[in-house]
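Each chain, written out:
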Amino acid sequence: MNATQIIDERSMEKAFYARDSGYDGLFFTGVRTTGIFCRPTCTARKPRRENIEFFRSAREALNGGYRPCLVCRPMEARGATPDWVRTILDAVYADHGTRMKDADIRARGTDPARLRRWFRANHGMTFQAYLRALRIGRAFGRIKRGGRILDTAYDSGYESLSGFNDAFKKAYDGAPGKPGFEAVITTTRITTPLGPMLAGSGAGGICLLEFVDRRMLETQVARLSRRFRARFMPGVTAHLAQLQKEMDEYFAGARTNFDVPLETAGTPFQELVWNALRGIPYAQTVSYGELARRIGRPRAMRAVARANGDNRIAIIIPCHRVIGMDGTLTGYGGGLWRKRHLIDLERDHGGMGADTLPVVFKAR
């Protein structure tokens, strides 16, 4: 257990108001009234207690809908930040679209690979993952601070929804409010110990459950919109409330199967694979080859792997239970560290079944 995990909220509150430098980097504070997050040492005027919430990392604060403070610069490493990093961060803060390709980074005299390594070392994420978290987090923040429907935010051109807006324009040559959208997918933010997830519910059940920092999230939103001819609106439904309850129970080790209804909306082959995934028992793992055999398509391992990657309902459709033939972890949209955690969680609470492949966790 590290120092960050054992700091209680009362201690963080005291350190924040005292601007205690001993806690710098150990937690961050989100200010609900401004939508920014700060270091405990920030020199800006301190808000009232009821207007703040605490986060264990800058990544959590971003995913919680907050943007970095320009006074204390919480996204910069403690101590001296290299000038080449500061140049990039200044450009990000100045560009409300928060999009920067490798060519843009090189144009500012920085090697994208070097920047990626710096972000991994100092924030546990790549630079592009940071930009995605910033966009998605701002989207959640806009909704939390009064945005009534996503369509309004899309049409307004609010910078934090640029990724979603682009995805919809590519799919429909217009914004989600354009005539022809016949259904509504209600979305909300589901909290988990592995980070927040974007959940979506149609009339028949859950159709989306993805970690908000997944690279494919914007593409999945566009695909769902095409499938259902639906627009997205934030809100709460009985299915979403049931989902949060069941997810809490799952992570507490008190649930091994999910009862919340699903709307998978895939191709016939994808549905075949996803149904097979749901047939893998809790705490057990299989290989792609075994999964292909189970659906009667033993030579379709690559197609099975693609369908596995196209799964839009993480955890409930347990694509994390599929591993390499030799027992090594293979790709997972939410990140291999999450896949490792989910497998460990289930084995801690459910034991190892007789037909479970041993998982080899290679150093990364």
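Values in this document were obtained by computation on a predicted structure and should not be read as measured data.

A. Fine view of the overall build of the protein chain. The helix and strand inventory of the protein chain stands at 15 helices and 10 strands. In the protein chain, buried positions account for 52% of the 364 residues. Within the protein chain, counting contacts between residues at least 6 apart in sequence, those at least 24 apart form 64% of the total. Of the roughly 16800 Å² of accessible surface on the protein chain, a fraction of 49% belongs to carbon and sulfur atoms.

B. A look at the nonpolar core. Leu209, Leu243, Met247, Val273, Leu277, Leu291 and Ile315 are the most contacted members of the largest nonpolar core, which totals 45 residues. Only strand 6 (197-202), strand 7 (205-211), helix 11 (238-251), helix 12 (268-278), helix 13 (288-294), helix 14 (301-309), strand 10 (322-323) and helix 15 (336-350) provide two or more residues apiece to this core.

C. Broad picture of the pattern of salt bridges. The tally for this structure, following the rule as stated, stands at 10 salt bridges. Between glutamate 249 and lysine 245 there is a salt bridge, with the nearest N and O atoms lying 2.6 Å from each other. You can see glutamate 249 and its partner lysine 245 sitting in helix 11, 4 residues apart, about one turn around the helix. Glutamate 346 is paired through a salt bridge with arginine 321; the nearest N and O atoms lie 3.0 Å apart. Taken together, the residues span a long stretch of sequence, with glutamate 346 in helix 15 and arginine 321 in the loop between helix 14 and strand 10 at a distance of 25 residues.

D. Here's a closer look at the confidence of the model for the protein chain. Taken as a whole, the protein chain shows an average pLDDT of 77; of its residues, 76% reach a score of 70 or greater. Least confident of the elements in the protein chain is helix 8 (residues 150-156), whose mean pLDDT is 39; most confident is helix 12, at 94. The low-confidence segment residues 1-5 (pLDDT under 50) makes 4 contacts with residues lying over four places distant or belonging to another chain. Confidence drops under a pLDDT of 50 for residues 143-164, and excluding neighbours within four residues, the segment shows 52 contacts in the predicted structure.

E. Up close: the packing of helix 12 against helix 14. Helix 14 packs onto helix 12 with a crossing angle of 80 degrees between their chain directions and a minimal axis gap of 9 Å. Relative to helix 14, the element helix 12 lies roughly perpendicular. Where helix 12 approaches helix 14, its residues Phe269, Gln270, Val273, Trp274 and Leu277 are matched on the opposing element by Ala303, Val304, Ala307 and Asn308. Of the residues contributing to the contact of helix 12 with helix 14, the split by class is 7 nonpolar, 2 polar and no charged.

F. Representation of the sheet that holds strand 4 (residues 67-68) in the model. Read across the sheet, 4 strands follow the order 3-1-2-4 without closing on themselves; strand pairing throughout is mixed. Each end of this open sheet is capped by a strand with a single partner; those strands are strand 3 (52-55) and strand 4. Pairing geometry for strand 1 (residues 28-31) and strand 2 (residues 36-38), over 3 bridges, is antiparallel. Bridge pairing in strand 2 links threonine 29 to cysteine 38.

G. Spatial organisation of the pairing of strand 5 (residues 183-190). Note: strand 5 against strand 6, 5 bridges, orientation antiparallel. Each bridged residue has a counterpart across the sheet, and for threonine 186 the counterpart in strand 6 is serine 201. Linkage of strand 5 to strand 6, two consecutive antiparallel strands, is achieved through a turn of 6 residues, within which glycine 195 is found at a positive phi near 115 degrees.

H. Inspection of a positive patch on the surface at higher detail. A cluster of basic residues, Arg114, Arg116, Arg117 and Arg120, forms a positive patch on the protein surface. With respect to the helices, strands and loops of the structure, arginine 120 is situated in helix 6 (residues 112-123).

I. Seen up close, the environment of proline 196. The residue proline 196 is located in the loop between strand 5 and strand 6 in this model. Given the relative accessible area of 9%, proline 196 is considered buried. Distance in space between the C-alpha atoms of proline 196 and glutamate 60 is 8.3 Å, their sequence separation being 136 residues.

J. Here's a closer look at unusual backbone geometry. A positive phi is found at arginine 73, a non-glycine position, where the angle reads about 50 degrees. Along the chain, the position of arginine 73 falls in the loop between strand 4 and helix 4 (83-94). Of note, the phi angle at alanine 283 is positive, near 75 degrees, even though the residue is not glycine. In this structure alanine 283 comes out as buried when scored by relative accessible area, which is 3%.

K. Just the packing of aromatic side chains, in detail. Using the criterion set out here, one finds 7 aromatic pairs in the structure. Ring geometry for phenylalanine 28 and phenylalanine 37: centres 6.0 Å apart, planes at 80 degrees, overall edge-to-face. An aromatic cluster of three or more residues is present, and its members are Tyr250, Phe251, Phe258 and Tyr282. The ring of phenylalanine 211 has arginine 338 lying over it, and the distance from NZ or CZ to the ring centre is 4.0 Å.

About the thresholds
Residues numbered from 1 in each chain as written. Predicted model: local features only at pLDDT ≥ 70, side-chain atom pairs only at ≥ 80, totals over all residues. Heavy atoms only, no water. Helix = DSSP H or I, 4+ residues; strand = E, 2+ residues; numbered from the N terminus. Buried < 20%, exposed > 50% of the residue type's maximum accessible area, 1.4 Å probe, protein only. Contact = heavy atoms within 4.5 Å. Areas by Shrake-Rupley, 256 points an atom, 1.4 Å probe, with all protein chains shown as cover. Core = buried A, V, L, I, M, F, W, Y, C linked by side-chain atoms within 4.5 Å. Salt bridge = Lys/Arg side-chain N within 4 Å of Asp/Glu carboxyl O. pLDDT = per-residue confidence, 0-100. Axes fitted to C-alpha atoms, helices over the stretch in contact; angles between N-to-C directions. Parallel < 35°, antiparallel > 145°, perpendicular 65-115°, else oblique. Nonpolar A, V, L, I, M, F, W, Y, C, P; charged D, E, K, R; others polar. Pairing = 2+ DSSP bridges. Patch = residues over 30% accessible without salt bridge, like charges linked within 9 Å, V, L, I, M, F, W, Y side chains within 5 Å. Lys, Arg positive; Asp, Glu negative; His and termini not counted. Charge placed at Lys NZ, Arg CZ, Asp CG, Glu CD. Phe/Tyr/Trp six-rings, centres within 6.5 Å; stacked < 30°, edge-to-face > 60°. Lys NZ or Arg CZ within 6 Å of the ring centre and 35° of its normal.

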